[in-house]
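# Coordinates in review
The chain contents come next:
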Number of protein chains: 2
Amino acid sequence: MIGERGAAGSRTPGTATRGETVPTVPPAETAARRTAVDVTALLERGRTLATPVLRTAVDRLAPPMDTVAAYHFGWIDAQGNPTAGDGGKAVRPALAVLSAEVTGAAPETGVPGAVAVELVHNFSLLHDDLMDGDEQRRHRDTVWKVHGPAQAILVGDALFALANEVLLELGTVEAGRAARRLTTATRALIDGQAQDISYEHRDRVSVEECLEMEGNKTGALLACASSIGAVLGGADDATADALEKYGYHLGLAFQAVDDLLGIWGDPEATGKQTWSDLRQRKKSLPVVAALAAEGPAAARLGELLAADAKSSDFENFSEEEFAARARLIEEAGGRDWTAEEARRQHTIAIEALDAVDMPEQVRARFTALADFVVVRKR
Amino acid sequence: MIGERGAAGSRTPGTATRGETVPTVPPAETAARRTAVDVTALLERGRTLATPVLRTAVDRLAPPMDTVAAYHFGWIDAQGNPTAGDGGKAVRPALAVLSAEVTGAAPETGVPGAVAVELVHNFSLLHDDLMDGDEQRRHRDTVWKVHGPAQAILVGDALFALANEVLLELGTVEAGRAARRLTTATRALIDGQAQDISYEHRDRVSVEECLEMEGNKTGALLACASSIGAVLGGADDATADALEKYGYHLGLAFQAVDDLLGIWGDPEATGKQTWSDLRQRKKSLPVVAALAAEGPAAARLGELLAADAKSSDFENFSEEEFAARARLIEEAGGRDWTAEEARRQHTIAIEALDAVDMPEQVRARFTALADFVVVRKR
């Protein structure tokens with residue numbers, strides 16, 4: 001599918017600068033519909049509904065796991081003192097409570113789903129950070145760094161179990177269906193992490209492989225978030241599947257933007273180092289798309305990255321050395337290709353909503369959240 | 001409850017030798033009932049029914065997780081060649097399929113439950129071995145040792161997710177109830193591991209704390225195994241709770257025997273080193289019971305273990321030094337106390353069955369399996 005769109009190298013290098021977002025070009029009527037939606041309020045609603053329930057669930061964990069989890073969520077610091085905590089973008093809870101409204105149910109119906117999805121997401125972060133050796137997340141030391149590897153494994157396991165508990169204790173047929181869909185998403189998440197790890201040891205990863213991995217790591221859980229409230233509200237499988245399709249492609253759009261920010265993002269906004277993904281030798285979309293292109297920039301990039309993989313001095317590379325690699329990726333068309341891919345996935349996501357009968361206000365909100373995910377700086 | 005039974009030191013030291021089992025003293029009528037049951041056939045039935053479904057489930061994992069899991073289960077060696085594999089005692093699958101018969105259902109009804117319980121059990125082994133740094137299990141290198149820590153985490157996560165999937169894809173109300181009980185058991189399992197880790201860093205652990213930890217680590221999942229088939233067969237909550245009580249106390253009896261074998265077991269039979277638990281400084285039941293006793297042996301043991309905890313030469317201790325500690329545990333009454341505890345828990349387990357209306361043959365089989373668990377050499 002991606003291959004049909006031609007080699008990335010056929011595009012001219014973009015001229016966008018650091019931290020720029022990916023503007024979508026929606027049709028006029030869509031744009032008009034979106035202006036009616038206050039996205040900030042929508043995100044705030046999800047956060048306000050889900051966070052107290054999430055905190056109550058985490059409080060069920062036996063010490064010291066409750067404290068370790070509270071640290072991970074940013075509710076306390078490493079010394080155990082309460083913190084304000086930025087809480088992240090909270091797109092998933094917003095989607096979960098919004099999806100309940102598809103069925104005409106109250107947004108509250110989606111809350112156990114929102115909480116379960118957040119628990120699974122954070123289970124995967126705890127384990128992935130340890131597996132990947134990542135020492136920082138959201139400007140803070142990761143759990144394994146502060147509390148040790150055993151606690152990162154254990155609390156991750158506990159959050160995963162808690163996610164199922166929160167759903168299954170509802171005791172309804174709908175909750176069983178929601179738990180099943182969440183389990184499928186979790187298996188995809190794990191598959192994606194397995195692919196991510198295996199790709200690290202390979203010289204070349206195709207664009208298709210990269211998209212499959214990102215679909216598993218990001219698409220599957222966003223798909224579940226976008227449908228789980230509807231499932232809890234009694235939606236049929238066709239409705240849930242269509243909402244999952246929206247979430248899955250939104251996840252791919254989100255990840256494409258993330259991959260752009262991982263190279264060209266503004267460190268002030270992202271909280272990551274400059275050229276973050278290049279420093280980690282991540283085979284992200286812009287990189288694999290550039291390597292798949294033809295022409296001198298792609299060839300030169302391939303040589304450089306192959307040499308980098310063997311270099312013992314990689315850790316000491318200068319800003320300029322990373323900047324040179326970023327320029328080659330851009331010249332080979334990897335940046336433009338990825339921006340275009342974000343727009344393409346965004347469009348598929350919104351079109352998936354056409355298959356679902358829902359109140360127009362709810363549809364407008366889904367659309368506005370999709371725009372928010374694609375047009376961002378962090 | 002344990003405290004009421006008096007200080008362990010009040011008993012005279014036992015004279016049992018290495019590898020001896022814990023004989024129970026069942027009433028005559030129970031003994032007669034048991035002779036009618038072929039335990040070997042019962043275990044074989046559970047294994048024969050569950051293993052093919054377990055293997056099919058594990059085959060669903062994406063590479064390389066399927067291979068890593070197959071290695072863990074003992075189906076292939078580290079090079080990927082098929083092995084005979086001893087498969088363990090298979091008490092849990094036998095209990096799960098047997099419990100389906102409580103409701104009059106076919107044993108096959110319990111199979112998804114048996115498979116889900118085995119998946120959760122093995123998820124916990126994969127993660128615990130890594131957290132505890134254990135390099136050997138069932139005479140073989142552990143997964144993290146062969147395939148690395150990341151695969152141990154990842155495949156553990158995948159088995160946990162698969163356990164839920166196997167149940168929830170049945171799509172029935174009963175499966176939802178079974179999944180909920182399995183989740184509760186899994187949370188207990190995780191709590192137990194958290195306690196186990198925290199106790200390692202403490203000088204003293206009480207008998208009550210040790211029993212609570214063992215109830216979580218061993219009792220909870222055996223409780224689930226003993227009831228999950230019945231739940232899938234449509235048993236009401238009271239029946240499931242009574243079967244869980246049987247399994248929980250059977251788990252405590254099992255663990256008490258395990259703790260005896262961990263010190264006095266025959267290495268040929270257990271596959272572990274001599275004085276295995278003492279070498280690992282495990283605060284198992286015989287140790288904590290001995291330390292809780294009064295008298296010179298308990299006092300001397302306390303001094304020795306406190307010094308051992310600080311010793312830099314512990315790794316090089318001779319056979320005789322461990323034997324001396326084992327003798328003190330026995331003299332302080334820790335061995336006899338633990339054997340008596342195994343018998344006591346075994347009795348509670350069997351009495352729990354009285355609350356359930358079930359075919360007499362099924363009851364006899366539960367009783368025979370309880371005897372098997374307590375009277376064993378490995």
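Everything quoted here is computed from the prediction, not taken from an experiment.

Reading the values: rules and limits
Residues numbered from 1 in each chain as written. Chains lettered and ligands numbered in written order. Predicted model: local features only at pLDDT ≥ 70, side-chain atom pairs only at ≥ 80, totals over all residues. Heavy atoms only, no water. Helix = DSSP H or I, 4+ residues; strand = E, 2+ residues; numbered from the N terminus. Buried < 20%, exposed > 50% of the residue type's maximum accessible area, 1.4 Å probe, protein only. Areas by Shrake-Rupley, 256 points an atom, 1.4 Å probe, with all protein chains shown as cover. Axes fitted to C-alpha atoms, helices over the stretch in contact; angles between N-to-C directions. Parallel < 35°, antiparallel > 145°, perpendicular 65-115°, else oblique. Left-handed = near helix turned anticlockwise from the far one by under 90°. Least-squares fit on C-alpha atoms with pLDDT ≥ 70 in both. Contact = heavy atoms within 4.5 Å. pLDDT = per-residue confidence, 0-100. 1 Å grid on protein atoms, 1.4 Å probe; cavity = no way out; pocket = protein on both sides within 12 Å on 5 of 7 lines; lining within 4 Å. Points joined across faces, edges and corners; volume = space filled by probe spheres on them. Salt bridge = Lys/Arg side-chain N within 4 Å of Asp/Glu carboxyl O. Buried area = accessible area lost by both parts, 1.4 Å probe. Polar contact = N/O pair within 3.5 Å; in protein donor to acceptor, adjacent residues only side chain to side chain. Phe/Tyr/Trp six-rings, centres within 6.5 Å; stacked < 30°, edge-to-face > 60°. Lys NZ or Arg CZ within 6 Å of the ring centre and 35° of its normal.

## Observations regarding the overall build of chain A
- Each helix and strand counted, chain A has 17 helices and two strands in total.
- By residue count, 57% of the 378 residues in chain A fall in the buried class.
- Accessible area for chain A stands at about 15,200 Å²; split by element, carbon and sulfur atoms hold 51% of it.

## A look at the packing of helix 9 (residues 207-232) of chain B against helix 10 (residues 237-264) of chain B
Residue and element names in this part refer to chain B.
- Closest axis-to-axis distance for the helix 9/helix 10 pair is 6 Å, and the angle between their directions is 135°. By the angle between their axes, helix 9 is oblique relative to helix 10. Crossing of helix 9 over helix 10 shows right-handed handedness.

## Brief notes about the relation of the copies chain A and chain B
- For the pair chain A and chain B, the superposition axis carries a translation of 0.0 Å, the fit reaches an RMSD of 0.0 Å, and the rotation angle comes to 180°. Here the symmetry operator amounts to a two-fold rotation axis. Relative to the rotation axis, the C-alpha of Gly176 of chain A is the closest in chain A, positioned 2.7 Å from it.
- Both copies share a contact surface, since 100% of the interface residues of chain A are interface residues in chain B too.

## Things to note about the environment of Phe73 of chain B
All names here are of chain B.
- Turning to its location among the elements, Phe73 is positioned in the loop between helix 3 (65-72) and helix 4 (91-100).
- Looking at Phe73, the relative accessible area reads 11%, which means it is buried.
- Along the primary structure Phe73 and Asp357 are separated by 284 residues, whereas in three dimensions their C-alpha atoms are 36 Å apart.
- Dropping the residues within four chain positions of it, Phe73 is found in contact with Leu54, Val58, Leu119, Asn122 and Leu159.

## Focus on the confidence of the model for chain A
Residue and element names in this part refer to chain A.
- When pLDDT is averaged along chain A, the result is 90, and 90% of the positions lie at 70 or above.
- With pLDDT under 50 throughout, residues 1-16 is counted as low confidence; its partners more than four residues away or in other chains account for 34 contacts.
- In this model residues 24-28 is a low-confidence stretch, pLDDT under 50, and it forms eight contacts with partners more than four residues away in sequence or in other chains.
- The ipTM value of the predicted complex is 0.91, and its pTM value is 0.92.

## A look at empty space enclosed by the protein
All names here are of chain A.
- Under the criterion given, the structure shown has one cavity of 30 Å³ or more.
- Estimates place the volume of the largest cavity at around 100 Å³.
- Taken together, Tyr71, His72, Leu126, Asp129, Arg137, Arg138, Arg140, Asp141, Thr142, Val143, Trp144 and Ala152 make up the full set of residues lining the largest cavity.
- Within the residue set of the lining of the largest cavity, elements represented by two or more residues are helix 3 (65-72), helix 5 (111-132), strand 2 (140-141) and helix 6 (143-147).

## Some words on the pattern of salt bridges
All names here are of chain B.
- Using the criterion set out here, one finds 50 salt bridges over all chains in the structure.
- We note a salt bridge from Glu101 to Arg45, for which the minimum N-O separation is 2.8 Å. Here Glu101, found in the loop between helix 4 and helix 5 (111-132), pairs with Arg45, found in helix 2 (residues 39-59); they are 56 residues apart in sequence, far enough to count as distant.
- The exposure class of Glu101 is buried, given its relative accessible area of 15%.
- Glu118 serves as the salt-bridge partner of Arg92, at 2.8 Å between the closest nitrogen and oxygen. Of the two residues, Arg92 is situated in helix 4 and Glu118 in helix 5; the sequence distance between them amounts to 26 residues. Residues Arg92 and Glu118 agree in their burial class; the two are buried.

## Side note on the interface of chain A and chain B
- Taken together, the contact pairs 31 residues of chain A with 31 residues of chain B.
- Across the chain A to chain B interface the summed buried area is about 2,900 Å²; carbon plus sulfur atoms make up 72%.
- Linking chain A with chain B are two salt bridges, by the criterion used here.
- Two residues, Arg187 of chain A and Glu165 of chain B, come together in a salt bridge whose shortest N-O distance is 2.9 Å.
- Counting across the interface, chain A meets chain B through four residue pairs in polar contact (both at pLDDT 80 or more).
- Listed by contribution, the elements that provide at least two residues to the side of chain A that touches chain B are helix 5, helix 7 (149-168) and helix 8 (173-200) of chain A.

## Examining the packing of aromatic side chains
- Tallied over the full model, the rule gives 13 aromatic pairs over all chains.
- For the pair Phe314 of chain A and Phe322 of chain A, a centre-to-centre distance of 5.7 Å together with 90° between the ring planes defines the contact as edge-to-face.
- Here the aromatic rings of Phe123 of chain B and Phe160 of chain B are separated by 4.6 Å at their centres, their planes lie at 25°, and the arrangement is stacked. On the criterion of sequence distance, the pair formed by Phe123 of chain B in helix 5 and Phe160 of chain B in helix 7 (residues 149-168) is long-range, its members being 37 residues apart. For the pair formed by Phe123 of chain B and Phe160 of chain B, the shared burial category is buried.
- Aromatic rings pair up to connect Phe123 and Phe160 of chain A together with Phe123 and Phe160 of chain B into one cluster.
- The positively charged end of Arg140 of chain A is found above the aromatic ring belonging to Tyr71 of chain A, 4.1 Å away from the centroid.
- Lying across the ring of Phe314 of chain A, Arg281 of chain A places its NZ or CZ 3.9 Å from the centre.

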